[in-house]
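Here is what each chain is made of, one letter per residue.
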Amino acid sequence: MGDVRVRFAPSPTGALHIGGVRTALYNYLFAKKNGGTFILRIEDTDQTRYVPGAEAYIIESLRWFGILPTEGPEFGGDYGPYRQSERKDIYKQYADQLIRDGNAYYAFDTAEELEVMRKSDAEFKYDGKTRLSLKNSLSLPEEKVKELLEAGEHVAVRLKIPVDESISFDDHIRGHVTFSSNELDDKVILKGDGMPTYHLANIVDDHLMKISHVIRGEEWLSSTPHHVLMYRFLGWSAPSFAHLPLILKPTGQGKLSKRDGAKFGFPVFPLSWDSDHEEDNFTGFREDGYLPDGLLNFLALLGWSPGNDQEMLTLDEMCEAFSLDKIVKSGARFDIDKALWFNQQYIIHADNLKLAYMIQDQAIDAGYHVSIEYLADVCGLMKERVHKTLEIITNARFFFEAPHVFDDDTIRKKYKPENKVHLIAIAESLKTVDNAGIELAIKGYIQDNGLKIGDFMPLIRIGVSGTMQGPDLIKTIALITPSEAADRLLRAVLYFEKLN
């Protein structure tokens, strides 16, 4: 296959959408599978849309997921700079070459003039049919062109698309793709401020950085014939292309957008993003209690399959199994319930101490100043009962403080005044035992007194934790200590009495 070099090339215009993470992941997997190089390139040619902090956010997101580039900003490499804004001087020579060879031309139309054209004709395109009636170096006399170039106002360079040609290329996912050149517009490739557009910058950079495969979202498929033409015009070999399917809304209708998170009630960005505008503040998957490896596993299977029924895959296993020909063409529905299922599986299999460090700040914010070892023990008991790490603290407050609210419905069903003496006796017994004696203190007493387990265990559980929901009762009492459980049960009996 030769040297495999792939790139993830986001624009720093805000938070990185989860679809961008999947694109980065597929590039990373393909590079690792083929012993290649994964490059991060920041495509910041559109300075009007540049958002401070966005590049750092992108890099932090990749670090959180553990899919680190081999080359890129902060990572080094022999093909930099890796920010397009720092490569500005490189692009003009190629635009000039395209102009010299008759494959591009200067255009002097203002944005306002073009807007008038679009308003008068909804199907207006700057192309082979219209270019000679517009203000450019193909339609104007040479002297006028020279005068406008010297004035230097509203000078853009447009690609000259040939008429009546078929432009074809092979796509690893979509097969043989053909476009008619008459469908294409003469795209701007160099703007008036000297900055290239995506179309020129990405092919120049891909060539100079020796990119072998371009793996990107299907929204770029319609631009690819322009890129194929530019490769031909510049005498370069085009890389291989693979255009990934869209990630769809949970309904299956339309592309998942950044606004859908608020609409459907789940994150669509890897990390939280704070903006000056409240409507652009978003909670990230990390802050919402997701583990990066579980989320990666979920994302990998949105459009790709290892070819068997295996669902749980480590990053190494994904690298080993990955191939472009197993990516489907059709869009993949973003099923948040499936994402939660994956997250739960990874929480269950996670190291308890690792989970404890993840939720330590949350515990402190809640006022729970306990040792990391105690927090790890809580995680061990709770992790099979949650879908997100945030739920561990939320659902396990009884490990840190006596309950203030009780399950009144169950108390009313289960509690009888004659239970009081037995519950007090069990509590007094708990005060005298260590962890090894908890089960005997409770179940032994119930059996010895001819009572029913089903009448008393729910009341003891509610007395200790306030709820019927929770991990094994004996293990819960062992962690909070039998003495603490005894004190809680004695206080709870007073509440039971009042309720009845």
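The numbers attached to residues start from 1 for each chain and follow its sequence in the written order. Totals for whole chains, interfaces and linings use every residue, but because this is a predicted model, local features are given only for residues with pLDDT of at least 70 and side-chain atom pairs only at 80 or more, for both listing and counting. Water and hydrogen atoms were dropped before computing side-chain values, which therefore reflect all heavy atoms in the structure.

Re the overall build of the protein
Here is the rule we go by: Under the scheme used here, helices are H or I runs from DSSP no shorter than 4 residues and strands are E runs no shorter than 2 residues, and both carry numbers assigned from the N terminus. Just to be clear, the radius of gyration here is over C-alpha atoms, and the globule rule we use is 2.2 Å times residues to the power 0.38. Residue burial is assigned from relative accessible area. The probe radius is 1.4 Å, only protein chains are included, and a residue is buried under 20% of its type maximum, exposed over 50%, and partly exposed in between. Surface accessibility follows the Shrake-Rupley procedure with a 1.4 Å probe radius. Residue values consider only the protein chains on display as shielding. Positive: Lys, Arg. Negative: Asp, Glu. His and the chain ends are not part of the count. A charged residue contributes its charge at one atom only: NZ of Lys, CZ of Arg, CG of Asp or CD of Glu.
When helices and strands are counted, the protein shows 20 helices and eleven strands. Taken over the C-alpha trace, the protein has a radius of gyration of 32 Å; the compact-globule value for 500 residues is 23 Å, which it surpasses by more than 25%. Among the 500 residues that make up the protein, the fraction classed as buried is 51%. For the protein, the accessible surface area stands at approximately 23,300 Å², while carbon and sulfur atoms represent 48% of it. Charge centroids of the protein, computed over 57 positive and 75 negative side chains, lie 3 Å from each other.

Some words on the side chain of histidine 199
Selection criterion: By the criterion applied in these results, polar contacts are pairs of N or O atoms within 3.5 Å in which, for protein atoms, one can donate a hydrogen and the other can accept it, and in which residues neighboring in sequence qualify only through two side-chain atoms. Two residues form a contact once any of their heavy atoms are found within 4.5 Å.
Along the chain, histidine 199 turns up in helix 6 (residues 198-208). A residue is classified by how much of its surface remains accessible, and histidine 199, at 11% relative accessible area, is buried. A polar side-chain atom of histidine 199 sits 3.0 Å from a polar atom in the side chain of histidine 227. Apart from residues lying up to four places away in sequence, histidine 199 is in contact with Lys187, Val188, Ser223, His227 and Met230.

Here we look at the nonpolar core
What counts is decided by this rule: To form a nonpolar core, buried Ala, Val, Leu, Ile, Met, Phe, Trp, Tyr and Cys residues must be joined to one another through side-chain atoms within 4.5 Å.
In this structure, Tyr26, Phe334, Val378, Phe399, Leu423, Ile442 and Ile460 are the most contacted members of the largest nonpolar core, which totals 111 residues. The element that contributes the greatest number of residues to this core is helix 1 (residues 18-33), accounting for nine residues. Not counting residues within four places of it along the chain, the set of residues in contact with phenylalanine 399 comprises Tyr374, Val378, Leu381, Met382, Pro471, Thr476, Leu479 and Ile480. Of all hydrophobic cores here, the second largest spans 34 residues; its members include Ile99, Val157, Val204 and Val214.

A look at helix 1
To be explicit about the condition: How far a helix is expected to stretch is found by multiplying one less than its residue total by 1.5 Å.
Given a rise of 1.5 Å per residue, 16 residues ought to cover 22 Å, and the 22 Å separating the end C-alpha atoms of helix 1 matches this to within 8%. With 14 of 16 residues buried, helix 1 lies mostly within the body of the structure. Just past helix 1, the residue glycine 35 takes up positive phi, approximately 60°.

Some points on the environment of cysteine 379
Mapped onto the elements of the fold, cysteine 379 is located in helix 13 (residues 372-382). On the basis of relative accessibility, which here comes to 0%, the residue cysteine 379 falls in the buried class. For the pair cysteine 379 and leucine 353, spaced 26 residues apart in sequence, the C-alpha separation works out to 8.0 Å.

Considerations on the packing of aromatic side chains
Operational definition: Ring pairs shown here join Phe, Tyr and Trp side chains whose ring centres sit within 6.5 Å, with only the six-membered ring taken for Trp; geometry is labelled stacked below 30 degrees between planes, edge-to-face above 60, and tilted in between.
Counted by the stated rule, this structure contains 24 aromatic pairs. With a centroid separation of 5.8 Å and an interplanar angle of 90°, the aromatic rings of tyrosine 28 and phenylalanine 38 are classed as edge-to-face. Residue tyrosine 28 is found in helix 1, and its partner phenylalanine 38 is found in strand 2 (residues 37-40); the two are separated by ten residues along the sequence. What makes phenylalanine 38 buried here is its relative accessible area of 1%.

Examining the pairing of strand 8 (residues 213-217)
Let me state the cut-off plainly: Two strands are counted as paired when DSSP detects at least two bridges linking them. We call a crossover right-handed when, viewed with the strands running away from us, the connection from the first strand over the helix to the second turns clockwise.
Along strand 8, five of the five residues are buried, which leaves the element largely enclosed by surrounding structure. Sheet topology places strand 8 next to strand 9 (residues 240-244); five bridges connect them, and they run parallel. Within strand 9, the position partnered with arginine 216 by the bridge is histidine 243. Traced from strand 8 through helix 7 (residues 224-234) to strand 9, the parallel crossover comes out right-handed.

Quick word on the layout of surface pockets
Put simply, the rule reads: Buriedness for pockets is judged along seven lines, at least five of which must meet protein on both sides within 12 Å for an open set on the 1 Å grid over protein atoms alone, while cavities are sets there where a 1.4 Å probe fits but cannot get out, and lining residues have an atom within 4 Å of a point. Grid points are joined across faces, edges and corners, and a volume is the space filled by probe spheres set on the points. Side-chain classes follow a simple rule in which Ala, Val, Leu, Ile, Met, Phe, Trp, Tyr, Cys and Pro form the nonpolar group, Asp, Glu, Lys and Arg form the charged group, and the remainder, Gly included, forms the polar group.
By volume, the second largest pocket is sized at about 420 Å³. Forming the walls of the second largest pocket are 19 residues, and the residues nearest its centre are Asp109, Leu114, Ala156, Arg158 and Val188. In terms of residue count, helix 4 (residues 111-120) provides more of the lining of the second largest pocket than any other element does, four residues in total. By residue class, the composition of the lining of the second largest pocket is eight nonpolar, three polar and eight charged.

Geometric descriptors of this kind do not, in isolation, establish any biological role.
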